[in-house]
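Observations on the three-dimensional arrangement
Here are the chains, one letter per residue:
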Amino acid sequence: MTLPEQHPLVSGRTADSSLIRSYRGERTAPLPVWFMRQAGRSLPEYRALREGVAMLDSCLTPAMASEITLQPVRRHRVDAAIFFSDIVIPLKLAGIGVEIVAGRGPVMDAPVRTAADVAALPELDPAALAPIEEAVAMTVAELGETPLIGFAGAPFTLASYLVEGGPSREQLRTRALMHSEPEVWDRLLAWTADVTGVFLRAQVLAGASAAQLFDSWAGSLSLTDYRERVAPHSERALDHVRDLPVPRVHFGVGTGELLAAMRDVGADVVGVDHRIPLDEANRRLGGGTPLQGNIDPALLSAPWPVLEAHVRDVITRGGEAPAHVVNLGHGVPPETDPDVLTRLVDFVHTSTSGTGE
Ligand code: CP3
């Protein structure tokens, strides 16, 4: 299938942006920069808009989701918008009871742990995605030449919320289930792969120019478990957008040992957290994969000269890769001073404006 004629990649609005060119493997000057979790609590205009509105309700109110997506683009002049939503939205749209508890994260009404629980998982009616499609369409109409990145949670991270019933540090029950009941595990991951894949595809068809899969908790897995029991399902999630001509980005936290396996599920770009330098990540990937990352979010609160020296180092090491999209190693911490992010965008742009073709 091809994208609709009015899609920004097809009409040419975003095809030549520094983000899309970099995702396709071209070195640009200046380098593109955006931040995971750029939309959200670091911005006073976000906190004002969200007052009295539950997190997931704000995601399902198209005008609100669209406005929140645009806020950091206007303020920081980042090179991409990331769609304001959450990885648990497709679960909610399928009818799973889930809420986001402030300061904690997604909490399920009931955990999913047994064969019967998995058999009872509901179908996701594609019509339920209408608020997502509407929010994306409204957003790309405003964005002009700035690409919108669509995203989804990877099956392992989503399954860990379902199995644990909420956030957990080590995903112990999840990893136990993976080994104790491999068939139940496979059915659960196949289900999450399909709902999250459908969510991602809806964003791309409605106007997103790239697709990022977040496997935030995959760092708790061994390479063998990842390759054998998780990667096939991440591949299945990405299969939902494989026929569409958008770059696919795959990001995980603490996944230095998994980088090549994460690329091998069919990602064009690998997101790297701050725990491994980009030149080493590039070496592990064999030198042919565009990278995204990896400023340590902790340094956003350090004195500017400390942050600046770190960012220069990230850019220098990223220079080893075929292409580099500057980002954080994980999301923007809520207490970040937004002016630091604006200054950082400006610094990345001015300091890299003469290094490419
Ligand atoms: O700017 C952006 O990155 C866009 C929006 C976005 C959100 N969540 C909004 C959000 C994205 C891409 C996500 C993805 C997401 N959600 C991930 C993967 C990325 C990552 O951070 O590892 C995960 C694991 C989740 C699940 C989730 N949702 C967590 C762990 C939390 C944090 C809980 C808290 O309150 O600290 C959330 C809530 C959430 N998602 C918020 C936002 C802006 C904060 C809630 C609020 O503002 O009230």
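Residues numbered from 1 in each chain as written. Predicted model: local features only at pLDDT ≥ 70, side-chain atom pairs only at ≥ 80, totals over all residues. Heavy atoms only, no water.

Here we look at the pairing of strand β6 (residues 248-252)
Judged by how many residues are buried, β6 sits mostly within the fold: 5 of 5 residues are covered. Of the two faces of β6, the one carrying R248, H250 and G252 and the one carrying V249 and F251 are both buried. Taken together, the 5 bridges between strand β5 (residues 210-215) and β6 define a ladder with parallel strand orientation. What sits directly across from L213, in β6, is H250. In terms of handedness, the path from β5 via helix α12 (residues 223-239) over to β6 forms a crossover that is right-handed. Inspection of the sheet shows β6 paired to strand β7 (residues 269-271) by 3 bridges, in the parallel sense. (Buried < 20%, exposed > 50% of the residue type's maximum accessible area, 1.4 Å probe, protein only. Helix = DSSP H or I, 4+ residues; strand = E, 2+ residues; numbered from the N terminus. Pairing = 2+ DSSP bridges. Right-handed = clockwise from strand over helix to strand, strands pointing away.)

Regarding the side chain of Q292
Assignment of secondary structure puts Q292 in strand β8 (residues 291-295). Polar side-chain contacts of Q292 include one of 3.0 Å to the side chain of Q212. Those residues within four positions of Q292 in sequence are excluded, and the remaining contacts are Y23, W34, Q212, V249, V269, V270, G271, V272, V325 and N327. (Polar contact = N/O pair within 3.5 Å; in protein donor to acceptor, adjacent residues only side chain to side chain. Contact = heavy atoms within 4.5 Å.)

Some details on the environment of P32
Mapped onto the elements of the fold, P32 is located in the loop between α2 (18-23) and α3 (44-50). A relative accessible area of 0% means that P32 is categorised as buried. For the pair P32 and V325, spaced 293 residues apart in sequence, the C-alpha to C-alpha distance is 5.3 Å. When residues no more than four places from it in sequence are discounted, the contact partners of P32 are S18, L19, S22, D79, H324, V325 and V326.

Let's talk about the nonpolar core
In summary, soluble globular proteins display a tendency toward joint burial of nonpolar side chains. With 119 residues, the main nonpolar core has Y23, W34, F35, L91, L188 and Y226 as its most contacted residues. The greatest single-element share of this core, amounting to 11 residues, is contributed by helix α11 (residues 182-206). In this view, W34 contacts L19, Y23, V78, A80, I82, I149, Q212, Q292, V325, V326, N327 and L328; residues no more than four positions away in its chain are not counted. (Core = buried A, V, L, I, M, F, W, Y, C linked by side-chain atoms within 4.5 Å.)

Side note on the sheet that holds β5
Taken in spatial order, the 7 strands of this open sheet run β1-β4-β5-β6-β7-β8-β9, and their pairing is parallel. Both edges of this open sheet fall to β1 (81-82) and β9 (324-328), since each of them pairs with a single strand only.

Thoughts on helix α5 (residues 62-76)
Compared with the 21 Å implied by 1.5 Å per residue over 15 residues, the 22 Å span of α5 between its first and last C-alpha is a close match. Taken across its 15 residues, α5 has 11 buried, putting it largely inside the fold. Here α5 has its buried residues at P62, M64, A65, S66, I68, T69, L70, Q71, P72, V73 and H76. Buried residues in α5 make contact with α3, α4 (55-59), β1, α8 (130-143), β4 (148-153) and α16 (338-351). R77 lies just past α5 and shows a positive phi near 60°. (Expected span 1.5 Å × (residues − 1).)

Description of unusual backbone geometry
The peptide bond linking A29 to P30 adopts the cis configuration, its omega dihedral lying at -5°. Here P30 is to be found in the loop between α2 and α3. A cis amide bond, omega -20°, links G293 with the succeeding residue N294. Among the secondary structure elements, N294 is positioned in strand β8. Located in the positive-phi region is R37, a residue other than glycine, with phi close to 60°.

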